[in-house]
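Spelled out from the first residue to the last, the chains are:
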Amino acid sequence: MTEHTASGQDIRIALDVMGADKGVGEVLDGVGRAYASGLKAKISLHGREDEISSTLNGLGLSDKPISIAHADDVITMNDKPTEALRRGKKSSMWSAIASVKSGDAHAAVSSGNTGALMAMGVLQLRKIEGIDRPAISCIWPTLRGRCVVLDVGANVEATAKQLVQFAIMGEAYFRALTEKEKPSVSLLNVGSEDLKGHDLIRTAATILKEADHEMNFTGFVEGNGISLGEADVVVTDGFTGNISLKTAEGTARLIGSWLKEALTSNIVSKMGALLVKPALEEMRAKMNPSNSNGAPLLGLNGLVIKSHGGSDAEGVAAAIKTAETLANHPFQDEIRRTVAKVEARAVAKHLPLEEPAEAAAE
């Protein structure tokens, strides 16, 4: 499948309006905020037309390039991926992805069920040739700006070969997102020394060092190095990545709560808070996950963006803007070329791309 890219007002985004935790109104408010912040793309809203129309009419968006694609069914957060595939072909989620497959849209955005979104994406768009498993990425704020972390939930386990593929996908994504030519790529490990970690992660490091000469692979990074900005792209399996992400989110909320408590505990603290309010607002913006919402399902033959299920309007707008940005970059083609090149080099160098049969059986 050839990926569809465009620029400016030619970009078309399919938005799954149904299935988000905060409802249709919050999602459509996000559309309004996206246009208010400079969005140029055309948007097709996929879902129940009566619900969408009644809410849309009050938002003052009649002059925007918005259309509605009716879909009767809704995939809920409680639906298992297998159930969603079996009965979801009339759903808004399926419809949005189908528009990418047909070429009617350059990207699909959904705040719905992650497992269902991944399953529908794989079934309709198929995986990029050479990619074993797609991965979910996230944008992580750091002291140096931001980094990409993957996988954060699609694959509980990953082989050395799959970690290599994640690294290639993360590098291409970060380059498309930031236009940085040589982003640094690291593997998440229990230590930064070459001898640290289990055989699988050391094997992945060896393959990246010896078979991907163009990549700026910087070795291993520890968990604290993510937020310090020690790498632009951090690669791990979905189990470790998801725990790391949720731990960081919880820590950010804890610090925010403590700070609020400290600044409102007495009259002196409240007066001090007024003096530093601009700085506090700046810090709040940096810590707000809505500002970096919108993660592509990497490894598919098409662009599908996962917005957080609990996103507010600001977060939905960020996901839509991410879709517009990435639709300008054919990074899936880059992934396809790089995976083929690295695998050919690994085979030529007799590097262990595949797990031994006995290890796989275990």
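Residues numbered from 1 in each chain as written. Predicted model: local features only at pLDDT ≥ 70, side-chain atom pairs only at ≥ 80, totals over all residues. Heavy atoms only, no water.

**A look at the sheet that holds strand 2 (residues 42–47)**
Where strands meet in a sheet, backbone hydrogen bonds hold them as pairs that are either parallel or antiparallel.
Working step 1: An order of 3-2-1-4-11-10-5-6-9-7-8 is seen for the 11 strands of this open sheet, with the pairing classed as mixed. Each of the sheet's edge strands pairs with one partner strand only, and the pair in question is strand 3 (66–70) and strand 8 (216–221). Put simply, the sheet's adjacent strands are angled 30° from each other on average, direction ignored.
Working step 2: Inspection of the sheet shows strand 5 (residues 135–142) paired to strand 6 (residues 145–150) by 6 bridges, in the antiparallel sense. Residue pairing across strands places W140 opposite C147, the latter belonging to strand 6.
Working step 3: Contacts between helix 2 (residues 49–56) and the sheet are confined to strand 2 and strand 3, with strand 3 contributing the most and set at about 155° to the helix.
Working step 4: Helix 6 (residues 160–178) contacts strand 5, strand 6, strand 7 (184–188), strand 8, strand 9 (233–235) and strand 10 (295–298) of the sheet and is inclined by roughly 150° relative to strand 6. (Pairing = 2+ DSSP bridges. Helix = DSSP H or I, 4+ residues; strand = E, 2+ residues; numbered from the N terminus. Axes fitted to C-alpha atoms, helices over the stretch in contact; angles between N-to-C directions. Contact = heavy atoms within 4.5 Å.)

**Describing the environment of G88**
Working step 1: Within the secondary structure, G88 sits in the loop between helix 3 (81–87) and helix 4 (92–102).
Working step 2: Once the C-alpha coordinates of G88 and A135 are considered, the two residues, 47 residues apart in sequence, prove to be 22 Å apart.
Working step 3: With residues near it in sequence (within four places) discarded, G88 still touches I75, E83, W94 and M120.

**Some thoughts on the packing of aromatic side chains**
Working step 1: Tallied over the full model, the rule gives 1 aromatic pair.
Working step 2: Ring geometry for Y173 and F331: centres 6.3 Å apart, planes at 35°, overall tilted. Residue Y173 is located in helix 6, and its partner F331 is located in helix 13 (residues 331–348); the two are separated by 158 residues in the primary sequence. (Phe/Tyr/Trp six-rings, centres within 6.5 Å; stacked < 30°, edge-to-face > 60°.)

**Details of a nonpolar patch on the surface**
Working step 1: There is a patch of nonpolar side chains on the surface, built from V156, F239 and I243 and spanning about 300 Å² of accessible area.
Working step 2: Mapping F239 onto the fold places it in helix 9 (residues 238–263). (Patch = residues over 30% accessible without salt bridge, like charges linked within 9 Å, V, L, I, M, F, W, Y side chains within 5 Å. Areas by Shrake-Rupley, 256 points an atom, 1.4 Å probe, with all protein chains shown as cover. Salt bridge = Lys/Arg side-chain N within 4 Å of Asp/Glu carboxyl O.)

**Some points on the nonpolar core**
Inside soluble globular proteins, nonpolar side chains tend to come together where they are buried.
Working step 1: Counting residues in each nonpolar core, the largest one holds 71 residues, and the members touching the most others are L45 and L187.
Working step 2: Considering each element in turn, this core owes the most residues, 12 residues, to helix 6.
Working step 3: Setting aside chain neighbours within four positions, we find L187 in contact with L163, I201, A204, A205, L208, F217, G219, F220, V221 and V235.
Working step 4: Counting residues in hydrophobic clusters, the runner-up holds 30 residues, among them W94, V100, A116 and V149. (Core = buried A, V, L, I, M, F, W, Y, C linked by side-chain atoms within 4.5 Å. Buried < 20%, exposed > 50% of the residue type's maximum accessible area, 1.4 Å probe, protein only.)

**As for empty space enclosed by the protein**
Working step 1: For the structure shown, the criterion picks out 5 cavities of 30 Å³ or more.
Working step 2: In this model, the second largest cavity occupies a volume close to 60 Å³.
Working step 3: Around the second largest cavity, the lining residues are K161, V164, Q165, I168, V339, V342, E343 and L353.
Working step 4: Of all the secondary-structure elements, those providing two or more residues to the lining of the second largest cavity are helix 6 and helix 13.
Working step 5: Element by element, the count of residues in the lining of the second largest cavity is highest for helix 6, at 4 residues.
Working step 6: Counted by class, the lining of the second largest cavity contains 5 nonpolar, 1 polar and 2 charged residues. (1 Å grid on protein atoms, 1.4 Å probe; cavity = no way out; pocket = protein on both sides within 12 Å on 5 of 7 lines; lining within 4 Å. Points joined across faces, edges and corners; volume = space filled by probe spheres on them. Nonpolar A, V, L, I, M, F, W, Y, C, P; charged D, E, K, R; others polar.)

Purely spatial values, then, with no claim about function.
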